[in-house]
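Read off the chains here:
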Amino acid sequence: MKPLEGLSVLDFSQFLAGPSAALRLADMGARVIKIERPKTGDLSRQLYISNLAQDGESTLFHSINRNKESFAADLKNEHDRQLVHELVARADVMIQNFRPGVIERLGFDYKTVSKENPRLVYGEVTGYGKLGPWRNKPGQDLLAQSLTGLPWLNGNAEQPPVPLGLSVADLFAGAHLVQGILACLVRRGITGYGGRVEVSLMESILDAQFELFTTFLNDGGKPPMRSAVNNANAYLAAPYGIYKTADGFLALAMGSVTRLGELLGVPALSSYVDPKSWFECRDEIKSILEKHLKSRCTDEWLAILEPAGIWCSDVFTWSRLLKHDAFKALDMVQDVMCSDGSILRTTRCPIRIDGEIYKSSNGAPRVGQHTEDITGEFDLCTAAGND
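What comes next concerns the included structure. (Residues numbered from 1 in each chain as written. Predicted model: local features only at pLDDT ≥ 70, side-chain atom pairs only at ≥ 80, totals over all residues. Heavy atoms only, no water.)

**Focus: empty space enclosed by the protein**
We count it as follows: Every definition here rests on a 1 Å grid over the protein atoms only: cavities are sets of points where a 1.4 Å probe fits but cannot get out, pockets are open sets enclosed by protein on both sides within 12 Å along at least five of seven lines, and lining residues have some atom within 4 Å of a point. Grid points are joined across faces, edges and corners, and a volume is the space filled by probe spheres set on the points. When residue character is reported, Ala, Val, Leu, Ile, Met, Phe, Trp, Tyr, Cys and Pro are called nonpolar, Asp, Glu, Lys and Arg charged, and the others, Gly included, polar.
For the structure on display, the rule yields one cavity of 30 Å³ or more. What the largest cavity holds in volume is close to 40 Å³. Residue lining of the largest cavity: Pro-239, Leu-252, Ala-253, Met-254, Gly-255, Ser-256, Leu-260, Ile-310 and Trp-311, and that is the complete set. For the lining of the largest cavity, the residue count by class is seven nonpolar, two polar and no charged.

Here you go:
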């Protein structure tokens, strides 16, 4: 039995942060019903991150909404709204990411629905919180990264700010929302009452920077100083970074520069005895390493460094990763079946409980695919006072 079996989740959210949280709850056994507008549904159905489509919709939508049901309802329509209120009254969890003020106008704000269902755990995602001058700015990942200063940590010193190539603000916010929801469910088990969980892209991506941001806060407000050579962390000393070799790349993490010089046969590094110099002179050190490491292949360097306990690795492409036994041992890929019978290959839930891997072959639903079944199951028409 999966740990969340028996719990029902209403997912009103769109795009990535909220749906990713609902996905993780579904992975762990919760029944997730996606509340979508008729016909168009979640806007991410047509948000393509490449030209690749599956069952007429984006692979982004399919990857983040697998293993869910879809209930189509126009929340501006009184009849549909009443049906959804009946579902909310019976749900364990509700997730929404409407712009501030919208959910109140629709009548599904926490104050309203908690009266209908005091046991409900209510999760909401905003871009920048519900107070302050940015409350109405678009809650989009690149914008959140930019406003939190994250791009100034990436790339080399001479480069402009470089954003991360992942939707990290969305994904961290989704993960934080799951943590809050699970905490509230535990509390509900003790008190019998639900609660309200609030996260924002802004707060989540700031929290993700907590190590470096804390340094900034306690170091006189000095801005991050990216290395001019092979920067990988603005606050870490040489040799930290990725280096070109004769046939690929080599990643070097923290370690002794002088010991590295001995192993690699670089006498010039023997003069950097003081560990403080590894940061103060990191561009000099990295430039020496950069030139030297191009002389031999990655595997040759690894054969020298790994047995000596140096933290290093090859830099894989996804194609190489898929072929490696270490990746195969993780059993990280699963096949899910879409509504049209086509197969989508995607990742599985990364969490194991009692040693068990959680997979599901259920793909993302079509808009309103389960409306009729859910209406009948919960007698929604009768409950809403309609024949």
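On we go.
**Section: helix α3 (residues 78–90)**
Applied cut-off: Helix numbering and strand numbering both begin at the N terminus, where a helix is a DSSP run of H or I of at least 4 residues and a strand a DSSP run of E of at least 2. One fewer than the residue count of a helix, multiplied by 1.5 Å, yields its expected span. Pairs of N or O atoms are called polar contacts if they sit within 3.5 Å, as long as, within protein, a hydrogen donor faces a hydrogen acceptor (for residues adjacent in sequence, only side-chain-to-side-chain pairs).
Spanning 13 residues, α3 covers 19 Å between terminal C-alpha atoms, matching the ideal 18 Å at 1.5 Å per step. Sitting at the amino-terminal end of α3 is Asn-77, which places a side-chain oxygen 2.9 Å from the backbone nitrogen of His-79.

**Some points on the side chain of Ser-114**
Note on placement: Ser-114 falls in helix α5 (residues 110–116). At a separation of 2.7 Å, a polar atom in the side chain of Ser-114 contacts the main-chain carbonyl oxygen of Tyr-110. A distance of 3.3 Å separates a polar side-chain atom of Ser-114 from the backbone oxygen of Lys-111.

**Focus on the pattern of salt bridges**
Threshold: Salt bridges are counted wherever a side-chain nitrogen of Lys or Arg sits within 4 Å of a carboxyl oxygen of Asp or Glu. Burial classes follow relative accessibility: with a 1.4 Å probe on protein chains only, a residue under 20% of its type's maximum area counts as buried, one over 50% as exposed, and anything between as partly exposed.
Tallied over the full model, the rule gives 20 salt bridges. For Glu-57, the salt bridge goes to Arg-45, with nearest N and O atoms at 2.8 Å. Of the two residues, Glu-57 is situated in strand β4 (residues 57–58) and Arg-45 in the loop between β2 (31–36) and β3 (53–54); the sequence distance between them amounts to 12 residues. Across the pair Arg-196 and Glu-124 runs a salt bridge, and its minimum N-O distance is 2.6 Å. Here Arg-196, found in strand β8 (residues 195–200), pairs with Glu-124, found in strand β7 (residues 121–126); they are 72 residues apart in sequence, far enough to count as distant. Here Glu-124 falls in the buried class, since its relative accessible area comes to 4%. Through salt bridges with shared partners, a single network forms among Asp-11, Lys-34, Asp-42 and Lys-68.

**Structural notes on helix α13 (residues 298–305)**
Test applied: The arc in question is the one spanned by the directions pointing from the helix axis to the C-beta atoms. In what follows, residue pairs with any heavy atoms lying within 4.5 Å of each other are defined as contacts.
Among the residues of α13, Thr-298, Trp-301, Leu-302 and Leu-305 are the ones counted as buried. Viewed along the axis of α13, the buried residues span an arc of 100°, placing them on a single side of the element. With respect to the buried face of α13, the exposed residues turned more than 90 degrees away are Asp-299 and Ala-303. For α13, the elements touching its buried residues are β10 (249–252), α10 (257–264), α12 (282–293) and β11 (312–314).

Fair warning: the whole summary comes from geometry, so function is off the table for now.
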